[in-house]
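Here are the chains, one letter per residue:
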Amino acid sequence: MPTVYESKPVEIVIQRSRFIGQAFYFPSEQGLADHLEAMAMQFPKATHYTWAYRIDPGQKRASDAGEPQGTAGAPMLHVLEHAGWESTLVVVIRYFGGIKLGRGGLVHAYQETARLALQHVTPAKLVWARPVTLELDYAEYARREPLLRTSLQDMTVTFGSRVTVNGWVSADDPPENVRHALDFKTVGDPMPRRFPIA
């Protein structure tokens, strides 16, 4: 199931009303107020700040934020569910343009803005992975670099008196296998991690 790696706001105008949407990585409900506050600061004095999130099939919510019931949050949630997005929040704000859109027009506007916001993200896959660290001398790093680049996700390398390599390996591999195969200095506990989908 996809989630969000990076995103930016998108905007559409429908009968003079501005709809601005953005999708966010959203692994738990605790960040909701922060995302809404950030959108309100970036886009002040909007008429409505609507949202929908889906963490997994059992954890999902939506808000019409003052729009007629069922015309904003639920249609946005439907977009998330239909495309299978997880750990994802979509916020759509509206600057009222003076023309009422009616229930059908609002449903269409909010769904279309949510869909557009999701089309303009860098998607990611959410996997369980272990953080790993390895320290090598320069000659050993040069010899093992090809194996490390194919074995690690999000690999970073720091050059000092020795070479320090940090990255992530699949949590499906038992830590003793990972440590033995690549001789890592440390292997951390599994945790959810986002990797961009190419």
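Rules used in this analysis
For every chain, the first residue of its written sequence is number 1, and the numbers climb from 1 along that sequence. Reporting in this predicted model follows two pLDDT cut-offs: at least 70 for local features of residues, and 80 or more for side-chain atom pairs to be given and counted; totals over whole chains, interfaces and linings ignore these cut-offs and use all residues. The basis for every side-chain value is the complete set of non-hydrogen atoms in the structure, without hydrogens or water. Among buried residues, those of type Ala, Val, Leu, Ile, Met, Phe, Trp, Tyr and Cys that are joined through side-chain atoms within 4.5 Å constitute a nonpolar core. For every residue, the accessible area (1.4 Å probe, protein chains only) is compared with the maximum for its type, and the residue is labelled buried under 20%, exposed over 50%, or partly exposed between those bounds. Segments assigned H or I by DSSP are reported as helices when at least four residues long, segments assigned E as strands when at least two residues long, and all are numbered from the N terminus. A contact between two residues is defined here by any heavy atoms of the two lying within 4.5 Å. A pair of strands is considered paired only if DSSP assigns at least 2 bridges between the two. Each axis is a line fitted through C-alpha atoms, and for a helix only the stretch in contact is used; angles between axes span 0 to 180 degrees, taken between their N-to-C directions. In this analysis, rings of Phe, Tyr and Trp, with Trp reduced to its six-membered ring, are considered paired at centre separations within 6.5 Å, and the interplanar angle assigns stacked below 30 degrees, edge-to-face beyond 60, and tilted for intermediate values. By definition here, charges over rings are those cases where NZ of Lys or CZ of Arg is within 6 Å of the ring centre and within 35 degrees of the ring normal.

Draft legend 1. Just the nonpolar core, in detail. Residues F19, M76, L80, V90, Y110 and L118 are the most contacted members of the largest nonpolar core, which totals 24 residues. Put simply, the parts of the chain that give this core at least two residues each are β2 (10-14), β3 (17-25), α2 (73-83), β6 (88-95) and α3 (102-119). Sorting elements by how many residues they give to this core places α3 first, with seven residues. Excluding residues within four positions of it along the chain, L118 makes contact with A23, V79, L80, W85, T88 and V90. F24, F43, A46 and W51 belong to the second-largest nonpolar core, a separate cluster that totals 14 residues.

Draft legend 2. Structural view of the side chain of E67. Relative to the helices and strands, E67 resides in the loop between β5 (59-63) and α2. Other than its neighbours up to four places away in sequence, E67 contacts H48, T50, A72, R94, L106 and Y110.

Draft legend 3. Here's a closer look at unusual backbone geometry. Positive phi, normally seen in glycine, also occurs at A65, with a value near 50 degrees. Counting through the fold element by element, A65 comes out in the loop between β5 and α2. Its identity is not glycine, yet D154 carries a phi of approximately 50 degrees, on the positive side. Looking at the secondary structure, you find D154 in strand β8 (residues 153-159).

Draft legend 4. Broad picture of the sheet that holds β2. The strand order across the open sheet formed by five strands is β2-β3-β6-β4-β5, and the pairing between neighbours is antiparallel. Two strands in the sheet have a free side with no partner beyond their single neighbour: β2 and β5. Across the sheet, the mean angle from the axis of one strand to that of its neighbour is 15 degrees, orientation sign disregarded. Note: strand β4 (residues 48-56) against β6, seven bridges, orientation antiparallel.

Draft legend 5. Just the environment of F159, in detail. Relative to the elements of secondary structure, F159 occurs in strand β8. Remark: the alpha-carbon pair of F159 and K45, spanning 114 residues in sequence, is separated by 49 Å. The residues touching F159, leaving out its near neighbours within four places in the chain, are Y138 and Y141.

Draft legend 6. Inspection of the pairing of β4 at higher detail. With seven of nine residues buried, β4 is to be regarded as a mostly interior element. The sheet contact formed by β4 and β5 spans five bridges and is antiparallel. Of the residues in β5, the one forming a bridge with R54 is K60. The turn linking β4 back onto β5 is made up of two residues.

Draft legend 7. Just the packing of aromatic side chains, in detail. Following the criterion strictly, the structure yields five aromatic pairs and no others. Where F19 meets Y110, the ring centres are 5.2 Å apart and the plane angle is 90 degrees; that geometry is what we call edge-to-face. Note that F19 is positioned in strand β3 and Y110 in helix α3, a separation of 91 residues in sequence. Its relative accessible area of 0% is what places F19 among the buried residues. Geometrically, the ring pair formed by F26 and Y53 is tilted, given 4.8 Å between the ring centres and 45 degrees between the ring planes. Here F26, found in the loop between β3 and α1 (32-42), pairs with Y53, found in strand β4; they are 27 residues apart in sequence, far enough to count as distant. Taken as a pair, F26 and Y53 share a single burial class, namely buried. Clustering of aromatic rings is evident, with ring pairs tying together F26, W51 and Y53. A cation over a ring is seen here: R194 above Y25, with NZ or CZ 4.0 Å from the ring centre.

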